[in-house]
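What the coordinates show
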Amino acid sequence: MRTMTMPGAAAQVFAQAQNSRGVSVLVVEDEEDLLDLLHFNLAREGFSVQTATTGEEALRSIREHVPQLMLLDLMLPGIDGLEVCRTIKGNDQTANLPVIMLTARGEESDVVQGLEMGADDYITKPFSPRVLMARIRAVLRRTEAESEGETMRAVVLGGISIDPDRHRVKVEDEEVELTATEFKLLSLIMSRPGRVFTRQQIIESIHDGFAAVTDRSVDVQVVALRRKLLHRGKNIETVRGVGYRFRD
């Protein structure tokens, strides 16, 4: 019997489609043409697709069924994308839901704000469907790896305790609320107290090397994290010209 083989590129596409099959994605977009296009491309790749056109509709949908990933437009009527993201990431039941923001606004301040709300990636319009699919799969792989490799135990250093399993941080005995990005940043630098992490290492570790995140973005995130850590924020030290470290 003759065995059929697929060329390398075709085999890769087939494998990707198989890996995507059944993965649920909620697309939140108020532009009807773009919503239809996203639905078509995702369904063709094997994803199970739900859609919403407003922030309110998206939150209702998530209360009924939490998807495995969300594509979220920033500019929505009513509750905007940032507020939707903030709500999702602030709820224990949905805090780990991967969110990729879609927007025509690509200014650094928007990128920082979206990431501060806990977004996992940020894509500016217009974008190639192939690029979008690649970014979706990268976020899903990263999320799966984090879930499977979450072996870090609770750590207490310098008056700060961090519990990865419960996604909780306390300063002394007071619990503080961090965004997903801030939590990843604190986990990173507390994992190796005394070690200096460069800004680029931070970007590669907690933002997966996302090109839109600059050194300035990292500085803004560190300032916000220090503020939330109250008087213990001084434990995060700046090493001029290099990066940051957690004081041992």
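Small disclaimer: the values here were computed from a predicted structure and weren't measured. (Residues numbered from 1 in each chain as written. Predicted model: local features only at pLDDT ≥ 70, side-chain atom pairs only at ≥ 80, totals over all residues. Heavy atoms only, no water.)

1. Comments concerning the pattern of salt bridges
What counts, and what does not: Any carboxyl oxygen of Asp or Glu that lies within 4 Å of a side-chain nitrogen of Lys or Arg is treated as forming a salt bridge with it. Here a strand is any run of E in DSSP of at least two residues, a helix any run of H or I of at least four, and the numbering for each starts at the N terminus. For each residue, the accessible area found with a 1.4 Å probe, counting protein chains only, is set against the maximum for its type, and the residue is called buried under 20%, exposed over 50%, and partly exposed in between.
Considering all chains together, one arrives at 14 salt bridges under this definition. Across the pair D121 and R135 runs a salt bridge, and its minimum N-O distance is 2.9 Å. Taken as a pair, D121 in strand 5 (residues 121–124) and R135 in helix 6 (residues 129–148) lie far apart in primary sequence, 14 residues in all. By relative accessible area, R135 is classed as partly exposed at 23%. K228 is paired through a salt bridge with E182; the nearest N and O atoms lie 2.8 Å apart. Placement of the pair is K228 in helix 9 (residues 215–228) and E182 in helix 7 (residues 180–191), with a sequence separation of 46 residues. Several salt bridges share partner residues, and in doing so they unite E29, E31, D73 and K125 into one network.

2. So, helix 3 (residues 55–64)
Here is the rule we go by: The reported arc concerns the directions from the helix axis to the C-beta atoms and nothing else. Residues are treated as being in contact if the distance between any of their heavy atoms lies within 4.5 Å.
Every buried residue belonging to helix 3 is among G55, A58, L59 and I62, and all of these are buried. Buried residues of helix 3, seen end-on, are gathered within an arc of 95 degrees and therefore sit on one face of the element. Exposed positions of helix 3 whose direction lies more than 90 degrees from the buried face are R63 and E64. Where helix 3 is buried, its residues meet strand 1 (24–28), strand 2 (48–52), strand 3 (69–73) and helix 4 (81–89).

3. Thoughts on the packing of helix 7 against helix 9
Threshold: Convention adopted: a line fitted to C-alpha atoms gives each axis, helices being fitted over their contacting stretch, and angles between N-to-C directions are expressed from 0 to 180 degrees. Note on terminology: angles under 35 degrees are roughly parallel, angles over 145 are roughly antiparallel, angles of 65 to 115 are roughly perpendicular, and the others are oblique. When residues are sorted by character, Ala, Val, Leu, Ile, Met, Phe, Trp, Tyr, Cys and Pro go into the nonpolar class, Asp, Glu, Lys and Arg into the charged class, and all the rest, Gly among them, into the polar class.
Relative to each other, helix 7 and helix 9 sit at 85 degrees, their axes nearing to 10 Å. As judged from the angle between their axes, helix 7 and helix 9 are roughly perpendicular. For the pair helix 7 and helix 9, the contacting residues are T181, E182, L185 and L186 in the first and Q221, V222, A224, L225 and K228 in the second. The residue inventory of the contact of helix 7 with helix 9, partitioned by class, reads five nonpolar, two polar and two charged.

4. A word on the sheet that holds strand 2
The condition that has to hold: One requirement defines pairing of two strands: DSSP has to find at least two bridges between them.
One open sheet holds the five strands; their spatial order is 2-1-3-4-5, and the pairing between them is parallel. Each edge of the open sheet carries a strand with a single partner, namely strand 2 and strand 5. Strand after strand, the sheet turns through a mean of 20 degrees between neighbouring axes, direction not considered. Across four bridges, strand 3 lies against strand 4 (residues 99–103) in parallel orientation. From the neighbouring strand, L71 faces strand 4, where its bridge partner is I100. Across the sheet, helix 2 (residues 32–44) lies against strand 1, strand 2, strand 3 and strand 4, angled at about 165 degrees from strand 2, the strand it touches most.

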